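Structural characterization, general
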Amino acid sequence: MKKIDVQSTRIPIYRDAAFFLSDEETIKKAFRDELDHPRSPEIYIYARYRNPTVVAVEEQIMALEECQWALLTQSGMSAIDVALSIFQKAEETGTWLFFSEIYGGTNSYIDRVLQFRRGINIKRFYPAGYRYDLGQLEKELAETKPQLVYFEAMSNPMLIVADCQSIISMAKKAGAVVLVDNTFATPYLWNPLQHGADIVVHSATKFLSGHNNITAGVLCGNDAQMEKDAIEYRKFVGHMLSADDAYRLGTQLRTFELRFGRHCQNAAQLAKTLADHEKIEKVLYPGLESHPTHNQAQRLFNGKGFGAMITFDIKGDTPEKKGQAARGFISAMSEHVPLVPTLGDTQTMLLHVESVWGDKYPLPGMIRLSVGIENYPELEAAFLNALDQIAIK
Ligand code: PLP
């Protein structure tokens, strides 16, 4: 086969399922390298183990999370599965403590996979109102002595910003490994590994890829043994990302910081406009002084922004009227802002909280926004126009 030798400005896409190994010595070296140099194999064997396109994009993420390793997977959920599973060992698995305000899919995975199928001892830590009570956490850590603690920096849909530094240091002091899902805050706002977390996971389906066109996940860390364990687990269960998706993620990551800065700016302006509007009852946005965890967010994110997510409540005399107003608003917005059950796209998207979270948040007038990077005046005009069209009494 003729080799084509060109200098590309992009990461080449290696679509091979298995790679060419020229002789016995090369095969031996490939298998040795796989165990001894997991980060930079010179020779590739099989795409499910390692793929050069994927490795190049993992390096882009390492630069963003400022860490020693990053491993891409087919989805955020598979990144979570790898990150947690490496700490499960027969006969040795302790209790795992999960903060309750985390992605619903993760909560279901905890119930249906970790607890129901694998029999792991699970405990949940609940907030007191809009805050996690650190005194309560201290007690819980002392009583439970968890092997592992897992939480998210910003909750969904209430956007509670946790006192992450304190949580990490308390959990570490209690002897737990600490895992953080950083999907909502992103490495633009903070890097949990710099504050002592052991592993960070992301749904790269969201802001990292940012265009609602890739399903991907990533886990990142600094500990070499955790990296080896994660590479091994990802390989055995086949959670590897495809080269094509990695290529597109790599291209889209080039604009991540630019995009996220704009997401934050648009969200901050829109949150203020909504908060000042007569038909809006309440706006939850960590950038507003009225948000119960505003000061916490300011400290944690160091003035870089407050994220792209806003949750707001439309006025109404009764729950039925609030529900009607929310439905009217969603329908009036449909031309500009679609109802889509995801977040992190360049386009603003909305969700009706009650229809997704049902019993947990029976809030009929509540809408969650993932604010995009549109031209702001046009975006604001679309919201004001839709609010004009709804009756709130
Ligand atoms: N973590 C968070 C915070 C999420 O919002 C999601 C999905 O919405 C996930 C993880 C799971 O990611 P994925 O859908 O890419 O598997």
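Structural data are supplied above this passage.
This write-up is about the structure you can find in this document.

What counts as what
Residues numbered from 1 in each chain as written. Predicted model: local features only at pLDDT ≥ 70, side-chain atom pairs only at ≥ 80, totals over all residues. Heavy atoms only, no water. 1 Å grid on protein atoms, 1.4 Å probe; cavity = no way out; pocket = protein on both sides within 12 Å on 5 of 7 lines; lining within 4 Å. Points joined across faces, edges and corners; volume = space filled by probe spheres on them. Helix = DSSP H or I, 4+ residues; strand = E, 2+ residues; numbered from the N terminus. Axes fitted to C-alpha atoms, helices over the stretch in contact; angles between N-to-C directions. Parallel < 35°, antiparallel > 145°, perpendicular 65-115°, else oblique. Left-handed = near helix turned anticlockwise from the far one by under 90°. Contact = heavy atoms within 4.5 Å. Nonpolar A, V, L, I, M, F, W, Y, C, P; charged D, E, K, R; others polar. Phe/Tyr/Trp six-rings, centres within 6.5 Å; stacked < 30°, edge-to-face > 60°. Buried < 20%, exposed > 50% of the residue type's maximum accessible area, 1.4 Å probe, protein only. Lys NZ or Arg CZ within 6 Å of the ring centre and 35° of its normal.

Taken as a whole and judged by the stated rule, the model has 2 cavities of 30 Å³ or more. Computed from the structure, the largest cavity encloses a volume of approximately 80 Å³. Glu34, Pro41, Ile43, Ile45 and Arg50 are the residues nearest the centre of the largest cavity, which is lined by 13 residues in total. The dominant element in the lining of the largest cavity, judged by the number of residues it contributes, is helix H1 (residues 24-36), at 3 residues.

Let us now look at the packing of helix H12 (residues 319-333) against helix H14 (residues 376-389). A pair of packed helices is characterised by two quantities: the angle between their axes and the separation of those axes. For the pair H12 and H14, interaxial distance at closest approach is 9 Å and the crossing angle is 135°. One element, H12, and the other, H14, form an angle in the oblique class. Crossing of H12 against H14: the hand is right-handed. When H12 is examined against H14, the residues Phe329, Ala332 and Met333 are found in contact with a partner set consisting of Ala382, Phe383, Ala386, Leu387 and Gln389. Residue classes in the contact of H12 with H14 are distributed as 7 nonpolar, 1 polar and no charged.

A separate point is unusual backbone geometry. Cis geometry is found at the peptide bond from Asn156 to Pro157, where omega equals 10°. Along the chain, the position of Pro157 falls in the loop between strand E4 (148-152) and helix H6 (164-173). Backbone geometry places Thr186, a non-glycine residue, at a positive phi of 65°. One can find Thr186 in helix H7 (residues 186-189).

Per the stated rule, a full pass over the model turns up 13 aromatic pairs. Ring geometry for Phe99 versus Phe151: centroids 5.4 Å apart, planes at 45°, classification tilted. Of this pair, Phe99 sits in strand E2 (residues 96-99) while Phe151 sits in strand E4, and the two are 52 residues apart along the sequence. Each member of the pair, Phe99 as well as Phe151, carries the same accessibility label: buried. Between Tyr188 and Phe260 the ring centres are 5.4 Å apart and the planes differ by 55°, which places this aromatic pair in the tilted class. Residue Tyr188 is found in helix H7, and its partner Phe260 is found in helix H10 (residues 256-275); the two are separated by 72 residues along the sequence. Assessed through its relative accessible area of 0%, Phe260 is described here as buried. Just above the ring of Phe116 sits the side chain of Arg112; from NZ or CZ to the centre is 4.3 Å.

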